[in-house]
Amino acid sequence: MLGQPEFTKILQVETLGEAAKRIRLEANDTERTALAERFELRSVDSLVSDLIVERIKGSELIRVRGRISAEIVQSCVVSGEAVASTIEETVDERFGPSDETDAEIDLSLEEEDPPEPIENGEIDLGEIVAQYLGVAIDPYPRKPGAVFASAPVGDSGPHPFAALAALKKDK
């Protein structure tokens, strides 16, 4: 991602005490318009998140958890018509001190993912919400009842391998 994020809400890690902090984020019109452009949507009509940010006891890790809710409008992959969707997602991320080494990391399906790095003492809560939104978007939205137009039965046109069969006959 180049430039300034569309929905940025910076949390300075040093301001986080021992008690969990509840944070509600709501994207404004400008932010929603920019997110719609980023994710190639017709619109993001609402985007709200309720997060809890806390230090994990006995470690240097920070946990961000909660829920995001969004109302979006996409284009139907069949007809191009507007398709409204509601997104409800659970957020659960861990952050830790940045590891400056370029060491290779071994990942396993059985093990928990390593924490995301805390860069410059900051965590961008808005970008976390934007990323969860982006992953939750249906990549192939379809308006109810929309169907692909197909060739009439028995009129399937030339066989897909007809050109290859003609080459074989030429030999």
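These remarks concern the structure in this document. (Residues numbered from 1 in each chain as written. Predicted model: local features only at pLDDT ≥ 70, side-chain atom pairs only at ≥ 80, totals over all residues. Heavy atoms only, no water.)

A surface patch of nonpolar side chains, about 360 Å² in accessible area, is lined by Val77, Tyr140 and Phe148. Within the fold, Phe148 resides in the loop between α2 (125-136) and α3 (162-170). Residue classification places Phe148 among the exposed residues on the basis of a relative accessible area of 52%. (Patch = residues over 30% accessible without salt bridge, like charges linked within 9 Å, V, L, I, M, F, W, Y side chains within 5 Å. Areas by Shrake-Rupley, 256 points an atom, 1.4 Å probe, with all protein chains shown as cover. Salt bridge = Lys/Arg side-chain N within 4 Å of Asp/Glu carboxyl O. Helix = DSSP H or I, 4+ residues; strand = E, 2+ residues; numbered from the N terminus. Buried < 20%, exposed > 50% of the residue type's maximum accessible area, 1.4 Å probe, protein only.)

Now for the nonpolar core. Ranked by internal contacts, the top residues of the largest apolar core, which has 31 residues, are Leu47 and Leu125. Residue assignment for this core shows that the elements contributing at least two residues are β2 (21-26), α1 (29-38), β3 (43-55), β4 (62-75), β5 (82-97) and α2. When residues in this core are grouped by element, the largest group, 6 residues, is from α2. Those residues in contact with Leu47, other than ones at most four positions away along the chain, are Phe7, Leu25, Glu26, Ala27, Arg32, Leu35, Ser69, Ala70, Val129 and Leu133. (Core = buried A, V, L, I, M, F, W, Y, C linked by side-chain atoms within 4.5 Å. Contact = heavy atoms within 4.5 Å.)

Okay, the sheet that holds strand β6 (residues 116-118) next. Spatial ordering of the open sheet is given by β2-β3-β4-β5-β6, a layout of 5 strands whose pairing is mixed. Edge positions in the sheet fall to β2 and β6, since each has one partner strand and no second. Recorded for the sheet is a direction-independent mean angle of 25 degrees between the axes of neighbouring strands. Contacts between α1 and the sheet are confined to β2 and β3, with β3 contributing the most and set at about 100 degrees to the helix. Strands β2, β3, β4 and β5 of the sheet are contacted by α2, whose axis makes an angle of about 130 degrees with β5. (Pairing = 2+ DSSP bridges. Axes fitted to C-alpha atoms, helices over the stretch in contact; angles between N-to-C directions.)

With that settled, the discussion passes to the environment of Phe7. Structurally, Phe7 can be placed in the segment before β1 (10-12). What makes Phe7 buried here is its relative accessible area of 0%. Expressed as a C-alpha distance, the spacing of Phe7 and Ala34, which sit 27 residues apart in the sequence, is 8.1 Å. Non-local contacts of Phe7, meaning those with residues more than four positions away in its chain, are made with Leu25, Glu26, Ala27, Glu31, Leu35, Leu47, Asp124, Gly126, Glu127 and Val129.

One can find Ser49 in strand β3. In this structure Ser49 comes out as buried when scored by relative accessible area, which is 0%. Not counting chain neighbours up to four residues away, the residues in contact with Ser49 comprise Ile23, Arg24, Leu25, Arg67, Ile68 and Val129.

This brings us to unusual backbone geometry. Despite not being glycine, Glu40 shows a phi value in the positive range, around 55 degrees. With respect to the helices and strands, Glu40 occurs in the loop between α1 and β3. Positive phi outside glycine occurs at Asn120, with the angle close to 55 degrees. For Asn120, the position within the fold is in the loop between β6 and β7 (122-124). Residue Asn120 is classed as exposed on the basis of its relative accessible area, which comes to 74%.

Inspection of α1 places Glu31, Arg32, Leu35 and Ala36 among the buried residues, and these make up the whole buried set. The buried residues of α1 occupy an angular sector of 135 degrees when projected down its axis, which confines them to one face. Every exposed residue of α1 that faces more than 90 degrees away from the buried side is listed here: Asp29, Thr30, Thr33 and Glu37. The distance from a side-chain oxygen at the start of α1 to the backbone nitrogen of Thr30 is 3.1 Å, and the residue carrying that oxygen is Asn28. (Arc of directions from axis to C-beta. Polar contact = N/O pair within 3.5 Å; in protein donor to acceptor, adjacent residues only side chain to side chain.)

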